[in-house]
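Residue strings, one per chain:
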Amino acid sequence: IKYEENLIPYTREQLVGKVQEKLDDKRFQHCLRVEQQAIELAKENDYDVEKAAIAGLLHDYAKQRSDHDFIKVINDKQMNPVLLDYGNAIWHGVVGAEFIKDELQIFDEEILNAVRRHTVGAPYMTQLDQIVYMADYIEPGRDFPGVDEARQITHENLKKGVFFQTQQTLKHLVETAKPIYPGTITTYNAWQSAI
Ligand code: GDP
Ligand code: FE
Ligand code: FE
Ligand code: FE
């Protein structure tokens, strides 16, 4: 299948190959499910199916890079040094988009932003950001307490899904005594008043 618009310099098959090359099978299969889930959410919300599919497929492209590789990019590109206080969970999205630019020559900022925002969200999220954020959370392979409620809410109202995920994630992080990335709090506060 060829992507219709010239969003990226690959066919879908080529892009799938690029993603598969960088991930183990479990993570690769997750990316394929997020691609399909993003397509479904795009259709439900009258959003560009192709763009949602590409961003969904790519969202965890950098998930399995070493801490060393991420730290090098953060330093070389003079990204926010606060990032250095966190780890892979935060880096693979926010910093991961840089690997997509540098290795895949994909420069569509809407796609890159959806990757950047897929873990911690953002105060303002485009429809694409919301679709990828939620597709990652509710794809059929996910199995955590509350996922069915998350699915129901998201299919009913995408934005309500975004707030639900943000709230659940924050709760979970506090309960398990994990450090909270400042962006996660900013997202929570912004979406609380948006809902
Ligand atoms: P995945 O890459 O498909 O596993 O999913 P995500 O990219 O959405 O999330 C990766 C991990 O980051 C999950 O375990 C989240 O709970 C975690 N996470 C999200 N926000 C924060 C945060 O503020 N701090 C920390 N420490 N972890 C977070
Ligand atoms: Fe991720
Ligand atoms: Fe996510
Ligand atoms: Fe993911």
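Heads up: these notes are all about the structure in this document. Quick caveat: nothing in here was measured; it's all calculated off a predicted structure.

## Comments concerning the packing of helix H8 (residues 127-138) against helix H10 (residues 158-175)
Then, number 1: Running from N to C, H8 and H10 cross one another at 55°; their axes reach a closest spacing of 10 Å. Judged by the inter-axis angle, H8 sits oblique to H10. In this structure, H8 crosses over H10, and the sense of that crossing is left-handed. Across from Gln127, Gln130, Ile131, Tyr133, Met134 and Tyr137 in H8, the residues of H10 making contact are Leu158, Lys159, Gly161, Val162, Gln165, Thr166, Gln168 and Thr169.

## Examining the coordination of the iron ion (ligand 2)
Then, number 1: On the protein side, the iron ion (ligand 2) has Asp60 (OD), His92 (NE2) and His118 (NE2) as donor atoms, found 2.1 to 2.2 Å from it.
Then, number 2: For the pair the iron ion (ligand 2) and the iron ion (ligand 3), the metal-to-metal distance amounts to 5.2 Å. One end of the pair, Asp60, is in the loop between helix H3 (49-58) and helix H4 (67-76); the other, His92, is in helix H5 (residues 88-94), and 32 residues separate them in sequence.
Then, number 3: Accessibility expressed as a relative area gives 2% for Asp60, which makes it buried.
Then, number 4: His92 gets classed as buried once you look at its relative accessible area, which sits at 3%.

## Some words on the nonpolar core
Then, number 1: Membership of the largest hydrophobic core comes to 62 residues, with the highest contact counts inside it found for Leu15, Leu58, Leu83 and Val95.
Then, number 2: Top element by residues in this core is H8. It accounts for eight residues.
Then, number 3: What Leu15 contacts, discounting residues up to four positions off in sequence, is Tyr3, Ile8, Tyr10, Ile54, Leu57, Leu58, Leu104 and Ile106.

## Describing H8
Then, number 1: Over its twelve residues, H8 extends 16 Å from the first C-alpha to the last, a length consistent with the 16 Å expected when each residue adds 1.5 Å.
Then, number 2: In terms of burial, H8 is a largely internal element, eleven of the twelve residues being buried.
Then, number 3: In this structure, the buried side of H8 is in contact with helix H2 (25-44), H3, helix H7 (109-116), helix H9 (147-156), H10 and helix H11 (182-194).

## Digging into the environment of Thr169
Then, number 1: Looking at the element boundaries, Thr169 is found in helix H10.
Then, number 2: Residues Thr169 and Gly121, 48 residues apart in the sequence, show an inter-C-alpha distance of 11 Å.

## Examining the site of ligand 1
Then, number 1: The environment of ligand 1 is formed by 17 residues, the closest being Lys63, Thr119, Arg142, Pro179 and Thr184.
Then, number 2: A distance of 3.1 Å separates an oxygen atom of ligand 1 from a polar atom in the side chain of His30.
Then, number 3: His118 places a side-chain nitrogen or oxygen 2.9 Å from an oxygen atom of ligand 1.
Then, number 4: Starting from 590 Å² of accessible surface for ligand 1 in isolation, the protein chains cover 80%.
Then, number 5: If you list the elements that add at least two residues to the shell around ligand 1, you get H2, H5 and H10.
Then, number 6: Looking at the shell around ligand 1, the element that brings in the most residues is H5, giving three residues.
Then, number 7: Residue composition of the shell around ligand 1, by class: six nonpolar, six polar and five charged.

Calculation criteria
- Residues numbered from 1 in each chain as written.
- Chains lettered and ligands numbered in written order.
- Predicted model: local features only at pLDDT ≥ 70, side-chain atom pairs only at ≥ 80, totals over all residues.
- Heavy atoms only, no water.
- Axes fitted to C-alpha atoms, helices over the stretch in contact; angles between N-to-C directions.
- Helix = DSSP H or I, 4+ residues; strand = E, 2+ residues; numbered from the N terminus.
- Parallel < 35°, antiparallel > 145°, perpendicular 65-115°, else oblique.
- Left-handed = near helix turned anticlockwise from the far one by under 90°.
- Contact = heavy atoms within 4.5 Å.
- Donors = N, O, S within 2.8 Å, 3.2 Å for Na, K, Ca; no water.
- Buried < 20%, exposed > 50% of the residue type's maximum accessible area, 1.4 Å probe, protein only.
- Core = buried A, V, L, I, M, F, W, Y, C linked by side-chain atoms within 4.5 Å.
- Expected span 1.5 Å × (residues − 1).
- Near = heavy atom within 4 Å.
- Polar contact = N/O pair within 3.5 Å; in protein donor to acceptor, adjacent residues only side chain to side chain.
- Areas by Shrake-Rupley, 256 points an atom, 1.4 Å probe, with all protein chains shown as cover.
- Nonpolar A, V, L, I, M, F, W, Y, C, P; charged D, E, K, R; others polar.

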